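For reference, the chains in residue letters:
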Amino acid sequence: MAGPASRRPKLAVWKFASCDGCQLTLLDCEDELPAVAGAVDIAHFTEASSADGPGPYDLSLVEGSITTPDDLRRIQHVRRVSKRLVTIGACATAGGIQALRDFADVREYASVVYARPEYVATLARSTPISAHVPVDFELRGCPIDKRQLLEVIAAFLAGRRPCVPAHSVCVECKARGNVCVLVAHGTPCLGPVTQAGCGALCPAFNRGCYGCFGPMESPNARALNARLRELGMSTPELVRIYRTFNATEEPFRQAAEQAEQSEEADG
Amino acid sequence: MDTAVADSLDPLIAELRSRGFAVVGPTVRDRAIRFAEITGAAELPAGQGDEQDPGHYRVVERDDELMFGFAASPDSAKRYTQPPRQALFRMREGTVEEAEQEAPRVALLGVRACDLAAIAVQDRVFLGRHPDPAYRKRREALFLVAVNCAVPGGTCFCVSMGTGPKATAGFDLALTELTEPHRFLVETGSERGADVLAGIPHRPASAADVAAAEEVSRVAATRMGREVDTENIQESLAAAHDSPRWAEVAGRCLACTNCTMACPTCFCTTVEDATDFTGSLAERTEVWDSCFTLAYSEVGGSPVRGSGPARYRQWLTHKFSTWYDQFGVSGCVGCGRCITWCPTGIDVTEELRCIR
Ligand code: SF4
Ligand code: SF4
Ligand code: SF4
Ligand code: SF4
């Protein structure tokens with residue numbers, strides 16, 4: 001039913017500070033990509049093709065966080081030329097791993113890594129797209145889940161709300177039929193405080209959840225931390241697991257701080 | 001009820017398979033005793049038991065060769081009676097197509113008395129006032145081989161709930177594992193069961209076999225890990241609406257949903273609607289949900305039960321009080337799964353003691 005090429009909605013994919021993993025998730029949709037390409041005109045996607053179609057765009061997928069003065073200008077442009085803007089992945093929705101700079105001095109990092117750090121134009125913090133422009137939807141994950149990405153694109157094409165539940169990973173874990181690694185193996189798992197979306201991938205391989213989809217709708221990290229300590233996690237381990245992919249998301253920021261404070265209280 | 005004795009379960013498994021059933025029984029996977037398809041008795045967890053406490057489960061070696069020396073598995077019959085995802089219908093170019101309802105022929109080998117009680121509770125829910133034909137189809141495709149519990153777990157309380165440890169109804173066949181020599185007492189609970197029994201080697205049970213089986217169930221009943229005082233439970237829990245304990249337990253509760261997902265009687269679902277890229281195909285799917293999610297009680301864009309205490313209260317009160325109002329029985333059969341599989345080890349029996 002796809003109309004003439006010019007009438008199909010125009011899709012753009014943009015990159016800011018990121019590893020490209022989320023864009024690759026789109027390329028990874030091998031089976032579905034023809035259907036996507038049939039339904040939308042992929043007008044700007046440098047990861048897949050160098051063709052740079054002109055805006056405006058009906059749907060922009062934005063990967064990456066804002067870390068440079070140039071990014072600050074470019075995201076304003078992306079917003080101006082996009083009817084709908086969806087951020088994809090932990091970098092774009094929460095600042096990503098590079099937001100660990102928020103807990104340190106980025107100039108000191110630069111002086112250690114680069115011979116001439118004065119040439120590096122970088123911001124003190126790594127911030128999510130929503131800190132700078134209005135965002136229509138945020139898709140979580142590091143990287144995002146392919147099934148959820150396709151759902152979000154299909155939902156925007158149909159003009160409906162995407163089905164992306166905000167409940168815990170445990171919901172998917174039980175539906176998938178995983179054995180709970182926390183209860184049955186004593187393996188620390190962030191699933192109870194983390195938003196679903198990955199399909200409980202790590203527990204399916206007998207690993208604990210690392211929290212890469214960020215905080216779920218009503219996280220009770222204080223209660224989980226008490227349990228994780230019983231399972232042998234130390235304060236630095238607790239701080240590190242919350243300060244990884246979504247370190248600046250408020251509930252995870254607080255969870256790490258609580259872990260530090262409760263040790264001070266104990267010690 | 002006829003009773004017989006069989007020395008091996010291999011002929012039973014072979015007979016059920018020859019009748020077109022996938023035999024699903026206990027077997028060790030990922031360091032837990034799971035229910036999965038098996039093809040012979042060698043796959044049963046002989047000599048393996050389990051250790052179950054609040055928020056804690058381990059497979060342990062036993063010092064005997066019991067094949068069923070463990071308590072409730074993380075899996076219950078719910079996965080078969082009410083699968084986690086089911087397509088309901090499709091709309092293609094505006095025309096509704098009913099989704100094909102799958103009802104695989106499955107023989108569940110090793111369901112416990114509490115599991116049978118849970119299926120009976122589900123029957124009231126799905127075959128009561130608003131019968132669900134898809135449930136009926138799946139339910140009728142199940143062949144149930146119960147095994148009477150010999151070794152209840154640390155979180156079991158079926159005796160309090162009046163559901164076990166001996167299976168008394170709702171099975172096609174019920175086994176009691178006996179030792180010295182190793183053998184199974186077999187009771188038939190249905191014509192289908194008798195028919196299957198007739199197809200496998202067996203001999204009539206002696207008075208000593210029957211007495212030995214009774215002793216297994218008698219001893220098991222004395223070994224419950226937990227108990228609940230059910231006297232006036234429906235009224236007293238309803239009256240405890242404003243107890244300060246709800247806030248206290250919510251401080252430990254993660255709202256993770258594990259208790260409701262593991263519970264063999266929790267039946268709540270939501271629907272997910274999907275469309276394809278062309279907008280010509282839409283599909284509605286039913287998926288497991290839980291009263292611990294915020295979307296579950298969302299009305300007009302915000303949750304009715306937004307607070308943790310309200311959500312914990314909904315779960316406990318539904319299981320032990322309002323379920324009676326709705327279905328005339330308890331929503332809890334005392335299997336202990338919600339206690340074992342709660343990541344923070346919240347124990348419904350303890351909460352009930354403190355709240356009432
Ligand atoms: S393994 Fe982790 S995600 Fe899965 S149920 Fe257990 S705590 Fe939840
Ligand atoms: S409430 Fe708990 S103990 Fe009762 S049937 Fe459900 S899972 Fe089992
Ligand atoms: S306790 Fe909650 S999930 Fe379980 S049946 Fe009741 S409302 Fe549904
Ligand atoms: S009671 Fe336990 S299993 Fe249930 S939602 Fe709360 S933390 Fe999760």
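From a predicted model like this one, the values you see are computed outputs, not experimental measurements.

Conventions and cut-offs
- Residues numbered from 1 in each chain as written.
- Chains lettered and ligands numbered in written order.
- Predicted model: local features only at pLDDT ≥ 70, side-chain atom pairs only at ≥ 80, totals over all residues.
- Heavy atoms only, no water.
- Near = heavy atom within 4 Å.
- Helix = DSSP H or I, 4+ residues; strand = E, 2+ residues; numbered from the N terminus.
- Nonpolar A, V, L, I, M, F, W, Y, C, P; charged D, E, K, R; others polar.
- Domains from an automatic or database assignment.
- Contact = heavy atoms within 4.5 Å.
- Buried area = accessible area lost by both parts, 1.4 Å probe.
- Polar contact = N/O pair within 3.5 Å; in protein donor to acceptor, adjacent residues only side chain to side chain.
- Pairing = 2+ DSSP bridges.
- Axes fitted to C-alpha atoms, helices over the stretch in contact; angles between N-to-C directions.
- pLDDT = per-residue confidence, 0-100.
- Salt bridge = Lys/Arg side-chain N within 4 Å of Asp/Glu carboxyl O.
- Core = buried A, V, L, I, M, F, W, Y, C linked by side-chain atoms within 4.5 Å.
- Buried < 20%, exposed > 50% of the residue type's maximum accessible area, 1.4 Å probe, protein only.
- Phe/Tyr/Trp six-rings, centres within 6.5 Å; stacked < 30°, edge-to-face > 60°.
- Lys NZ or Arg CZ within 6 Å of the ring centre and 35° of its normal.

Honestly, the site of ligand 2 in this entry has me stumped. Any pointers?
Residue and element names in this part refer to chain B. Taken together, Phe157, Cys263, Pro264, Trp315, Lys319, Cys332, Val333, Gly334, Cys335, Gly336, Arg337 and Cys338 make up all the residues around ligand 2. Mapped by element, the contributors of at least two residues to the shell around ligand 2 are helix 11 (308-327) and helix 12 (337-340). For the shell around ligand 2, the residue count by class is eight nonpolar, two polar and two charged.

Got a minute to help me understand the domain arrangement of chain A in this structure?
Many authors give the size of an interface as the accessible area that is lost as the parts come together. Residues and elements named next belong to chain A. Domain boundaries in chain A define domain 1 (5-158) and domain 2 (169-266). Each of domain 1 and domain 2 has a C-alpha centre, and these two points are 26 Å apart. Residue-level contacts link 17 residues of domain 1 with 18 residues of domain 2. Sorting the residues of domain 1 by area buried against domain 2 places Ala94, Phe103 and Arg140 first, and these three jointly supply 44% of that buried surface. Put simply, domain 1 and domain 2 have five residue pairs in polar contact (both at pLDDT 80 or more) between them.

Is there a simple way to think about the site of ligand 3 in this case?
Residue and element names in this part refer to chain B. Close contacts around ligand 3 come from Thr260, Cys266, Phe267, Cys268, Cys291, Tyr296, Gln314, Trp315, His318 and Trp323, and that covers them all. By residue number, the principal contributor to the shell around ligand 3 is helix 11, which donates four residues. Within the shell around ligand 3, the residues separate by chemical class into seven nonpolar, three polar and no charged.

How do you make sense of the sheet that holds strand 2 (residues 22-29) of chain B when you look at a structure like this?
Strands pair in a sheet through their backbones, by hydrogen bonds, and they do so in one of two ways: parallel or antiparallel. Residues and elements named next belong to chain B. Read across the sheet, eight strands follow the order 3-2-8-9-10-11-1-12 without closing on themselves; strand pairing throughout is mixed. Since the sheet does not close on itself, it has two edges, and those belong to strand 3 (32-37) and strand 12 (203-204), each with one partner. Judged from the five bridges that link them, strand 8 (residues 106-111) and strand 9 (residues 142-147) form a sheet pairing that is parallel. The residue of strand 9 that forms the bridge with Leu109 is Val145.

I tried to follow the sheet that holds strand 4 (residues 82-88) of chain A on my own but got confused; where do I start?
Residue and element names in this part refer to chain A. Strands sit in the order 2-1-3-4-5 across an open sheet of five strands; the sheet is parallel. Two strands bound the open sheet, and with one partner strand each, they are strand 2 (41-45) and strand 5 (137-139). This sheet shows a mean twist of 25° between the axes of neighbouring strands, independent of strand direction. Pairing analysis gives six bridges linking strand 3 (residues 57-63) to strand 4, with the strands arranged parallel. Considered in strand 4, the bridge of Ser60 is made with Leu85. Of the strands in this sheet, strand 1 (10-15), strand 3 and strand 4 are in contact with helix 3 (residues 69-80), which crosses strand 4 at around 130°. Along the sheet face, helix 6 (residues 146-158) touches strand 3, strand 4 and strand 5 and points at about 165° away from the line of strand 5.

Just to check I follow, could you spell out the confidence of the model for chain B for this structure?
Parts of the model with low pLDDT should not have their predicted coordinates read in detail. Looking at chain B, the pLDDT average stands at 97 and 100% of residues meet or exceed 70. Per the prediction output, this complex has pTM 0.96; the corresponding ipTM is 0.97.

How should the interface of chain B and chain A be read in this particular structure?
The interface is formed by 40 residues belonging to chain B together with 38 residues belonging to chain A. Surface buried jointly by chain B and chain A totals about 3000 Å² across both partners, of which 57% is contributed by carbon and sulfur atoms. Connecting chain B to chain A are one salt bridge. For Arg161 of chain A, the salt bridge identified is with Glu298 of chain B, shortest N-O distance 3.5 Å. Where chain B touches chain A, the interface holds 18 residue pairs in polar contact (both at pLDDT 80 or more).

What's the story with the nonpolar core in this structure? I'm lost.
One broad trend across soluble globular proteins is that nonpolar side chains are buried collectively. Residues Tyr242 of chain A together with Leu12, Leu16 and Leu109 of chain B are the most contacted members of the largest nonpolar core, which totals 60 residues. Ignoring sequence-local partners within four residues, the contact set of Tyr242 of chain A consists of Leu190, Val193, Ala221, Leu224, Asn225, Leu228, Ala247, Phe252, Ala255 and Ala256 of chain A. Judged by nonpolar contacts, the second largest core, of 29 residues, contains Phe126, Leu142, Ala167 and Phe267 of chain B.

Can you walk me through the packing of aromatic side chains in this structure?
For any pair of aromatic rings, the description consists of the separation of the ring centres together with the inter-plane angle of the planes. Residues and elements named next belong to chain B. By the definition in use, this model includes 14 aromatic pairs over all chains. For the pair Phe21 and Phe143, a centre-to-centre distance of 5.5 Å together with 55° between the ring planes defines the contact as tilted. A residue pair is termed long-range when its members are at least 10 positions apart, and Phe21 in the loop between helix 1 (10-18) and strand 2 and Phe143 in strand 9 qualify at 122 residues. For Phe21, a relative accessible area of 7% gives the class buried. Ring centres 6.2 Å apart and planes at 35° place the aromatic pair Phe68 and Phe70 in the tilted group. For the pair Phe68 and Phe70, one class covers both residues: buried. An aromatic cluster is present here, built from Phe126, Tyr135, Phe267, Trp323 and Phe327 joined pairwise through their rings. Above the face of the Phe21 ring, Arg105 is positioned so that its terminal group lies 4.2 Å from the ring centre. The ring of Phe70 has Arg112 lying over it, and the distance from NZ or CZ to the ring centre is 4.9 Å.

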